[in-house]
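# Breakdown of the fold
Listed below are the residues making up each chain.
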Amino acid sequence: MSLAHDARVAVRPATMAQRPSRTWPEVNNPAAWIVAVILLIMPLIANGFFLIEIFASSLILGTMALSLMFLAGYGGMVSLMQLTIAGFAAYMVAVFGVSGNANISLGWPWWLAVPMALALATAFGTLGGALAVRTEGIYTIMITLAIGAAFYYFTNQNWAIFNGHTGINTVATPHFWGVNWRADIPFYYVVLAVAALCYFAVEYLSRAPFGLALQGVRDNPRRMAALGFNVNAHRVAAYAFASFVAALTGVLQVWNYRQISPGSVSVGACIDVLIIAVVGGITRPIGPFIGALIFVLLRTFALDFLVRLGLDGNRFRLLIGLGFLAIVFWSSDGVIGLWQRWRNRQRRSADRSGGGRRHG
C-alpha cells in the first residue's frame, strides 16, 4: 500500500480527544505574528554580532534540532546523527566547491556544489536511517551515535578528501545579483527563510496523511502493519526528509564560518543537538528553536558570567548541563511543557474565579 494509505487510523482517539483541534497555519495566534515581525525587523535593531552569532546561529541550530524533533516527536526515533548529516553536507560543499585548499576542492560553482552536497547528504542520512529502523529504543540511539563517531574519526584521519584534523578552510560563499550573500543582513535573511520553510514543512507534514501515518507507526507499529502500512518504509521516508533538513543546515553552517573541520562533527556536538531539542520541547516544531536560543545564549555569555564570579570560564558547559537537568526534571516536554502547564493553571484559576462570580 502507499505511504499515505487512509492515515486517519494512525492517530490514537485518546490523543485526539485530549488535544484541541488546531488549524494550519495558526493565523489567529498573536504571539506568532509578534515573533514573526521581530524576526523580520531584527537587522534594524541588532548589530552584526547579535544578528549572526546569536539569532542566525540559533536559527541554524534550531533547524538542525527540528530534524531531530521530527524523527523523535512524530516517529518515535531518536537520532544522534543529524549533526553528522549536516557536517557531511558541509564537507561536500567544501569538496565540490571553491576553498583555500585548491588541491582538494574541485572548484564547482556554488549552484552546482550545493545541490550535489544536499543530494549526497540526504542519501547518506537515508542509508543510515535504513540501518537504524531495524532497531528500536536505545539501540537506535546507539547505532546513530556510532555512525556519528565513525564519521568524526574518518574525517579526522583522512587527508586525501577531508584534509584531516585541519579541515577545509576559506570556503567560498555565493555572490550573485550583485549581492554578497554572506554579508550579515543578506545571510540572516537566507537563514531565516530556510528556517521558516523547514518549520512550515514540518507543521504541514504533521497534519498530512504521511505525518499522521508516521505518528500511528510511532504509537502502535504492529497495528499499523496489520492495517497494511509499510512500517519501515514510513520510517525510512521520515529519515530522508529529516536528512534533507539537516543537510540544509550544514550548507548554512559552512557558509557562516567559511570552514569545516572534524571538531564541528564531534560526538559531543552531536549530543548538543539532542540537548537543544529536549530543552525546547520535542513534541512541537517551535521547541527546537527555543532550545537553540537558550543554548546559544548560554554558550556565548556563560563563560563571561563564570569569570565574573571568579570561576573557571571553561566550565560554561556546567551551566548548560544544570539548566538541562532542571528543565527536564520539572517538565518532560522542555520549555514548551513548562509554558503549557503555566497557561493551564492560569486558565483553571480564571475559570474558578469566573465561576465564583457567576455563582454569587
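The paragraphs below set out a description of the structure included in this document.

Cut-offs applied
- Each chain carries its own residue numbering, running from 1 in the written order of its sequence.
- Only residues with pLDDT of at least 70 are given local features in this predicted model, and only at 80 or more are side-chain atom pairs given and counted; all residues enter the totals for whole chains, interfaces and linings.
- Hydrogens and waters are ignored; side-chain quantities use all the structure's heavy atoms.
- In this analysis the probe radius is 1.4 Å and the grid spacing 1 Å, with only protein atoms considered; a cavity is a set of points the probe fits into but cannot get out of, a pocket is an open set with protein on both sides within 12 Å along at least five of seven lines, and lining residues have an atom within 4 Å of a point.
- Grid points are joined across faces, edges and corners, and a volume is the space filled by probe spheres set on the points.
- Helix and strand assignments follow DSSP, with helices taken as H or I runs no shorter than four residues and strands as E runs no shorter than two, numbered in order from the N terminus.
- Residues belong to one nonpolar core when they are buried, are Ala, Val, Leu, Ile, Met, Phe, Trp, Tyr or Cys, and are joined through side-chain atoms within 4.5 Å.
- For the exposure calls, accessible area comes from a 1.4 Å probe over protein chains only, and a residue counts as buried if that area is under 20% of its type's maximum, exposed if over 50%, partly exposed in between.
- One speaks of a salt bridge when a side-chain nitrogen belonging to Lys or Arg is within 4 Å of a carboxyl oxygen belonging to Asp or Glu.
- Axis lines are fitted through C-alpha atoms, for helices just across the contact stretch, and the angle between N-to-C directions can take any value from 0 to 180 degrees.
- When an angle is under 35 degrees it counts as roughly parallel; over 145 it counts as roughly antiparallel; between 65 and 115 it counts as roughly perpendicular; any other value is oblique.
- In what follows, a contact means two residues having at least one pair of non-hydrogen atoms within 4.5 Å.
- All amino acids are sorted into three groups, where Ala, Val, Leu, Ile, Met, Phe, Trp, Tyr, Cys and Pro are nonpolar, Asp, Glu, Lys and Arg are charged, and the leftover types, Gly among them, are polar.

Attention now moves to the layout of surface pockets. Computed from the structure, the second largest pocket encloses a volume of approximately 460 Å³. Taken together, 24 residues form the lining of the second largest pocket, with Leu61, Leu83, Gln253, Tyr257 and Ser264 sitting closest to its centre. For the lining of the second largest pocket, the secondary-structure elements that each account for two or more residues are helix 4 (48-75), helix 5 (82-96), helix 11 (231-257), helix 12 (267-280) and helix 13 (287-308).

Right, let's get into the nonpolar core. In this structure, Phe70, Met92, Ile168 and Trp255 are the most contacted members of the largest nonpolar core, which totals 86 residues. Core analysis: the next-biggest nonpolar cluster, separate from the first, contains 5 residues, Val217, Met224, Phe229 and Val231 among them.

Turning our attention to the pattern of salt bridges. Summed over all chains, the structure comprises 3 salt bridges. Linking Arg182 and Asp184 is a salt bridge whose minimum nitrogen-to-oxygen distance equals 3.8 Å. When its relative accessible area of 8% is taken as the criterion, Arg182 is described as buried. Across the pair Asp219 and Arg218 runs a salt bridge whose closest N-O atoms are separated by 2.8 Å. For Asp219, a relative accessible area of 25% puts it in the partly exposed group.

To continue, consider the packing of helix 8 (residues 184-207) against helix 9 (residues 209-219). Here helix 8 crosses helix 9 at 70 degrees, and the two axes come no closer than 4 Å. One way to sum up the angle between helix 8 and helix 9 is to call them roughly perpendicular. Along its contact with helix 8, which presents Leu205, Ser206 and Arg207, the element helix 9 presents Pro209, Phe210, Gly211, Leu212 and Gln215. When its residues are assigned to classes, the contact of helix 8 with helix 9 shows 4 nonpolar, 3 polar and 1 charged.

With that settled, the discussion passes to unusual backbone geometry. Keep in mind that most residues, glycine aside, have a negative phi and that most peptide bonds are trans. Phi is positive for Thr170, which is not a glycine, with a value near 55 degrees. Its place among the elements puts Thr170 in the loop between helix 7 (138-157) and strand 1 (175-176). Overall, the relative accessible area of 56% leaves Thr170 in the exposed class. Positioned with a positive phi, Trp177 is a non-glycine residue whose angle comes to about 55 degrees. Topologically, Trp177 is positioned in the loop between strand 1 and strand 2 (179-180).

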